[in-house]
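Listed below are the residues making up each chain.
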Amino acid sequence: MTKLQLNKNSGLLSPDFIFGVATSSFQIEGDRNGRATCIWDTFCRQNDRIKDASNGDSACEHVKYWRQDVEIIASLGVDAYRLSIAWGRVMNADGSVNQAGLNFYSRLIDALLERGIKTHVTLYHWDLPQFEEDQGGWLNRDTAYRFADYAEVVVGALGNKVESYSTINEPFCSAYLSYEAGIHAPGPYPVSHDSGNRRKNGRQAAHHLLLAHALALPRMRKLAPASEHGIVLNFSPCHAASDSMADRTAAETAHAYHNLWYLQPLLQGRYPELLKQLSDNEQPDIEDGDLELMQQPLDFLGVNYYTRTTFRETPDGWFKDVPAQGDNLTTMGWEVYPQGLTEILTQLKKTYPTLPPVYITENGVAYDDVVCHNKINDDNRIDFFQQHLNAVEDCINAGIDIKGYYIWSLMDNFEWAEGYTQRFGIVHIDFDSGQRRLKESAKAWQQFLHSRPMIKVPAESC
Ligand code: GCO
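The rules we used
Residues numbered from 1 in each chain as written. Predicted model: local features only at pLDDT ≥ 70, side-chain atom pairs only at ≥ 80, totals over all residues. Heavy atoms only, no water. Helix = DSSP H or I, 4+ residues; strand = E, 2+ residues; numbered from the N terminus. Rg over C-alpha atoms; globule rule 2.2 N^0.38 Å. Buried < 20%, exposed > 50% of the residue type's maximum accessible area, 1.4 Å probe, protein only. Areas by Shrake-Rupley, 256 points an atom, 1.4 Å probe, with all protein chains shown as cover. pLDDT = per-residue confidence, 0-100. Contact = heavy atoms within 4.5 Å. Polar contact = N/O pair within 3.5 Å; in protein donor to acceptor, adjacent residues only side chain to side chain. Pairing = 2+ DSSP bridges. Axes fitted to C-alpha atoms, helices over the stretch in contact; angles between N-to-C directions. Near = heavy atom within 4 Å. Expected span 1.5 Å × (residues − 1).

**Observations regarding the overall build of the protein**
Secondary structure summary: the protein contains 14 helices and 15 strands in total. Against the 2.2 N^0.38 benchmark of 23 Å for 462 residues, the protein shows a C-alpha radius of gyration of 21 Å, consistent with a compact globule. Principal axes of the C-alpha set define a box for the protein whose edges measure 65 × 55 × 50 Å. Burial statistics for the protein: of 462 residues in total, 60% are counted as buried. As displayed, the protein offers around 18,500 Å² of accessible surface, 47% of which is attributable to carbon and sulfur atoms.

**Examining the confidence of the model for the protein**
Should pLDDT be low for a region, the predicted coordinates there are not to be read in detail. When pLDDT is averaged along the protein, the result is 96; 96% of the residues meet or exceed 70. Predicted confidence for residues 457-462 stays below pLDDT 50, and this span has zero contacts to residues more than four positions away or in other chains.

**Brief notes about the side chain of Glu362**
With respect to the secondary-structure elements, Glu362 resides in strand β10 (residues 358-363). Taking the relative accessible area as the measure of exposure, Glu362 reaches 4% and is therefore buried. A distance of 2.6 Å separates the side chain of Glu362 from the side chain of Tyr306, its partner in a polar contact. Here Glu362 is in contact with Arg82, His125, Asn169, Glu170, Val303, Asn304, Tyr305, Tyr306, Tyr406 and Trp408, once residues within four sequence places are set aside.

**Observations concerning the sheet that holds strand β7 (residues 300-305)**
Read around the closed barrel, eight strands run β1-β2-β3-β4-β5-β7-β10-β13, paired in parallel fashion. With strand direction ignored, the average angle separating the axes of adjacent strands in the sheet is 25°. Where strand β1 (residues 18-22) meets strand β13 (residues 402-408), five bridges bridge the pair, whose relative direction is parallel. The partner of Phe19 across the bridge, within β13, is Tyr405.

**Observations regarding the site of the ligand**
The full set close to the ligand counts 13 residues, and Gln27, His125, Glu170, Glu362 and Glu415 are the nearest of them. Here an oxygen atom of the ligand and a side-chain polar atom of Asn304 are 3.4 Å apart. Trp408 places a polar side-chain atom, nitrogen or oxygen, 3.3 Å from an oxygen atom of the ligand. Burial of the ligand by the surrounding chains reaches 95%, relative to a free accessible area of 310 Å².

**Description of the environment of Met332**
Structurally, Met332 can be placed in the loop between β9 (319-322) and α12 (339-351). For Met332 and Val365, which are 33 residues apart along the polypeptide, the C-alpha to C-alpha distance reads 8.4 Å. Excluding anything up to four places from it in sequence, Met332 contacts Ala366, Glu415, Glu418, Gln422 and Phe424.

**Some remarks on the sheet that holds strand β8 (residues 309-313)**
Here we have three strands laid out as an open sheet, ordered β6-β8-β9, and mixed in their pairing. Edge positions in the sheet fall to β6 (238-240) and β9, since each has one partner strand and no second. Sheet twist, expressed as the mean angle between neighbouring strand axes with direction ignored, is 45°. Of the strand pairs in this sheet, β6 and β8 are connected by three bridges, and their pairing is parallel. When the sheet's bridge partners are listed, Ala240 is paired in β8 with Phe311. Where helix α10 (residues 245-268) meets the sheet, its contacts fall on β6, β8 and β9, and the angle it forms with β8 comes to roughly 125°.

**A look at α12**
Its 13 residues place the ends of α12 18 Å apart at the C-alpha level, agreeing with the 18 Å of an ideal helix rising 1.5 Å per residue. Where the residues of α12 are buried, they touch β5 (228-235), α10, β7, β10, α13 (379-397) and β13.

Below you can see the structure in the form of structure tokens.
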């Protein structure tokens, strides 16, 4: 079996470095009746939105099998589990609290704590309740205020027993992919719902997501002063399709539009200069004080990393991504490009010397897994992890403060517009029977994690 290894002086073996596995609510939970309808339920019911015409009604049936899942997590030897809370499992449309939903998460976190596993809780991983969307969703400024109320309910109940809280996961996806590109829920708005300007919608959603973060964070900090508080952003280095000046400019524009747009307001209280190049009716509405508020102190920045992206210019001076090519592609069509992690983090650190400590909150890969004699031989996935662990080590050696690494994902799950066609898990799910099986990659992680030097045990006082 292929092994995962690090040299014994690696920064990833320092006593405080956290290894974890990650999931998100809509992708695994099932139990459709235990929560309010969300935008992904609605989206899944529209024609031709999801590759295999599936939905999240059952997913991995995690609500049913959560005890078994906790045992699996514990068996891996990880330090932490990153999960997200479904807003609509905790809040009802009338603003009251769904206590049963809140209890579910509370019990789950207690069971993890009993096994010595810390939790990283993300409050928003894209499953906006439909009752919020019906009021305009992330295009409506009020949604940001309601997010802060919801955050207060969750953090008020879970408090300091959660090690770290993230407000929002990947606002790029919830803004750009959703309201602008329209390939994620809620999808493109009919023209009657707005001015019909998709770029404006994307920017406006982004602004309200960042505002939601900014409004919630101080309230969360007050309720859980011992926990860490931050946000999770996704980054992809933007490369030019050719050496031409125009393509290089396109890649720079894409970098500002897709990467910096979400980080710069948080660290410097302003959007990239690119904002000024947008026409008046493409710019988001920003109220006085919004950008100052966005500079909330961050205990950490969560970074999700999967691949790089290549861009070329378009005739109107904008950018378009070029699909990845070559032999080294995953079933998502993404290029395996571990050096991109080191590249983007060193670039960000150079641009923003005040970059907070980083957790890699997601990194992983989808491949076609075959079950053969009850075994899933995914050496290719083990190689992927090895290469990315090496990249994390390179980042640490380059002076970036990285505090942890989370595998995406604990288990195969609902991969958004790709439905169940993409398997990202280290645990295989049989979506008919619900059966869980450790892939060889999970066993490689087990071996690696259990053989770490036992410096984590606090020394006995004498
Ligand atoms: C993401 C999401 C995950 C995806 C993963 C693979 O943050 O994009 O957090 O939900 O499943 O990234 O696409």
